[in-house]
Amino acid sequence: MDSSKVNIAILILAAGASSRMGGPKQLLPWGNTTLLGHSINMAKGTNAVLITVVLGAHANAVKLAVPMEGINHVLNPNWESGLGNSLAFGVEFLTKREGTYDGILVMLCDQPLIDSEYLNNLIDQFSRGEKGIVATQYGEKVGVPAIFGSKYFPHLLQLNEDFGAKNLLEQCRNDVLSLDPFGKAVDIDTFEEYQSLLRNQLEFGA
């Protein structure tokens, strides 16, 4: 199946409190926007048919600072329950909408090296139908960004603070195609990591 003919919805998880960062990670400057704004821009450059951002902590500040034109944003009132809960909340929002999706591409707002090209590669690989999940390779493990086919939507709806996407990916490993991100899948968890990555980007003009 051609990648332009699969209905992929993108779900950007941006609900966390960034406790290790000391402030809203979503609003850290990146390029001419913020980490979340950059993630949204990368998502807009893909073949996905819909983009939804799940907000939680700092939601009001995020909505004021980050342009949300052309996308959906939803507030998870239980964001403190963790990433799994916010993912399940976002999937519930998507599955209750009109229309159907062949897959949901889950991405985070703290991986600024993930670009539209890589996200489209995930979509292209998923469109071939070889596996029900296409995920990012992390050594011997896999993680997000990842596309979960529609048959996994019921499983995603059951995620919570104790059982998240990583657990599901491990359980379904035989149905997972893993892609090498070639160094793009770098998470930012601390301000020091952010500063280091930002310096590298400025140094190499990326």
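What you are looking at is a predicted structure, and each value in this text was computed from that prediction instead of being measured.

A. Highlighting the overall build of the protein chain. Helix and strand content of the protein chain: seven helices and nine strands. Counting only C-alpha atoms and orienting by the principal axes, one finds that the protein chain spans roughly 40 × 40 × 30 Å. Expressed as a percentage of its 206 residues, the buried residues of the protein chain come to 51%. In the protein chain, the share of contacts with a sequence separation of at least 24, taken over all contacts with a separation of at least 6, comes to 71%. Looking at the protein chain as shown, the accessible area adds up to about 10,100 Å², and 48% of this sits on carbon and sulfur atoms. Looking at the protein chain, you have 15 positive and 22 negative side-chain charges, and the mean spots of the two groups are 2 Å apart.

B. How the structure looks around the pairing of strand 1 (residues 8-14). Where burial is concerned, most of strand 1 is hidden: seven out of the seven residues are buried. Because side chains alternate across strand 1, one face comprises the buried residues I8, I10, I12 and A14, and the other comprises A9, L11 and L13, equally buried. As paired strands, strand 1 and strand 6 (residues 103-108) are joined by six bridges and run parallel to one another. Following the sheet pairing, A9 is matched in strand 6 by I104. Bridge count between strand 1 and strand 4 (residues 50-55): six bridges; the pairing is parallel. If you follow A14 over to strand 4, its bridge partner there is L55.

C. Local environment of the nonpolar core. I12 and L36 are the most contacted members of the largest nonpolar core, which has 32 residues in total. Of all the elements in the fold, those that place two or more residues in this core are strand 1, helix 1 (35-44), strand 4, helix 2 (59-65), strand 6, helix 4 (116-127) and strand 9 (176-179). Of the residues forming this core, the biggest block, five residues, is contributed by helix 4. Within the second largest apolar cluster, 30 residues are counted, among which are A88, I104, L108 and V142.

D. Highlighting the sheet that holds strand 8 (residues 141-149). Read from one edge to the other, the open sheet built from seven strands follows the order 5-4-1-6-8-7-9, with strand pairing classed as mixed. Two strands in the sheet have a free side with no partner beyond their single neighbour: strand 5 (72-75) and strand 9. Mean inter-strand twist for the sheet, computed between neighbouring axes without regard to direction, equals 30°. The sheet contacts of helix 4 involve strand 1, strand 6, strand 7 (133-138), strand 8 and strand 9, and relative to strand 8 the element is tilted by about 60°.

E. A look at unusual backbone geometry. Cis peptide bonds are those with omega within 30 degrees of zero, and the linkage from V144 to P145 qualifies with 0°. As for its placement among the helices and strands, P145 is situated in strand 8. Non-glycine residue H58 carries a positive phi angle of around 60°. When its relative accessible area of 33% is taken as the criterion, H58 is described as partly exposed. Unlike most non-glycine residues, F182 shows phi in positive territory, near 50°. Take F182: it is sitting in the loop between strand 9 and helix 7 (191-204).

F. Looking closely at the environment of S127. Inspection of the secondary structure puts S127 in helix 4. S127 sits 79 residues away from A48 along the chain, and the two C-alpha atoms are 12 Å apart.

G. Structural context of the packing of aromatic side chains. Overall, the coordinates contain one aromatic pair when judged by the stated rule. Between F191 and Y194, the ring centres sit 5.6 Å apart and the planes meet at 45°, which makes this aromatic pair tilted. Of the two residues, F191 and Y194 are both situated in helix 7; the distance of three residues between them amounts to about one turn of the helix. A relative accessible area of 35% places F191 in the partly exposed class. Owing to a relative accessible area of 5%, Y194 belongs among the buried residues under this scheme.

Criteria and thresholds
Residues numbered from 1 in each chain as written. Predicted model: local features only at pLDDT ≥ 70, side-chain atom pairs only at ≥ 80, totals over all residues. Heavy atoms only, no water. Helix = DSSP H or I, 4+ residues; strand = E, 2+ residues; numbered from the N terminus. Buried < 20%, exposed > 50% of the residue type's maximum accessible area, 1.4 Å probe, protein only. Contact = heavy atoms within 4.5 Å. Areas by Shrake-Rupley, 256 points an atom, 1.4 Å probe, with all protein chains shown as cover. Lys, Arg positive; Asp, Glu negative; His and termini not counted. Charge placed at Lys NZ, Arg CZ, Asp CG, Glu CD. Pairing = 2+ DSSP bridges. Core = buried A, V, L, I, M, F, W, Y, C linked by side-chain atoms within 4.5 Å. Axes fitted to C-alpha atoms, helices over the stretch in contact; angles between N-to-C directions. Phe/Tyr/Trp six-rings, centres within 6.5 Å; stacked < 30°, edge-to-face > 60°.

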